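Close look at the chain arrangement
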Amino acid sequence: VQLQAPGGGMVQPGGSLRLSCTASGSIFQHYAMGWFRQVPGKERQLVAVISRADFAYVVESVKGRFTISRDNAQNTVYLQMNTLKPEDTAVYYCAAKDSTYYDTPTSLGEYGYWGQGTLVTVSS
């Protein structure tokens, strides 16, 4: 599967941004989808994941602000980011894991497919 995640950009603190990631080349419904982020000098970290069964999990630091969703008809996963903070500044990556129906993978090493990364900058 190939993943394309255009978007990203600069937004002021408190603002919102929606990232999208579109898959091609395979059956999107077979994959659990995740969003990760990485800042220079640090490891790539999970932000949110959504299973094939549409179960969504977001990490504590973004809970209540970020929402992950998927549209199987459009082969797309979204990350809606609200009330953005400067510490959300990072390169965001979407990832896919060919998974079982209820699998909700949270580890970076579980994902076999990655998008190219998109920069989100939160700054005034």
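Summary of the structure given here. (Residues numbered from 1 in each chain as written. Predicted model: local features only at pLDDT ≥ 70, side-chain atom pairs only at ≥ 80, totals over all residues. Heavy atoms only, no water.)

**Describing the state of the cysteines**
Enumeration over the complete set of coordinates arrives at one disulfide. The disulfide partner of Cys21 is Cys94, and the gap between their sulfur atoms is 2.0 Å. With the S-S dihedral at roughly 55°, the linkage between Cys21 and Cys94 falls on the right-handed side. A residue pair is termed long-range when its members are at least 10 positions apart, and Cys21 in strand E3 (residues 17–24) and Cys94 in strand E9 (residues 90–98) qualify at 73 residues. Of the two residues examined, Cys21 and Cys94, each falls in the buried class. (Disulfide = S-S within 2.5 Å. Helix = DSSP H or I, 4+ residues; strand = E, 2+ residues; numbered from the N terminus. Buried < 20%, exposed > 50% of the residue type's maximum accessible area, 1.4 Å probe, protein only.)

**Remarks on unusual backbone geometry**
Positive phi, close to 55°, is recorded for Asn75, a residue that is not glycine. Overall, the relative accessible area of 24% leaves Asn75 in the partly exposed class. With a phi angle near 45°, Thr83 is a residue other than glycine that sits in the positive phi range. The topology assignment puts Thr83 in the loop between strand E8 (76–81) and E9.

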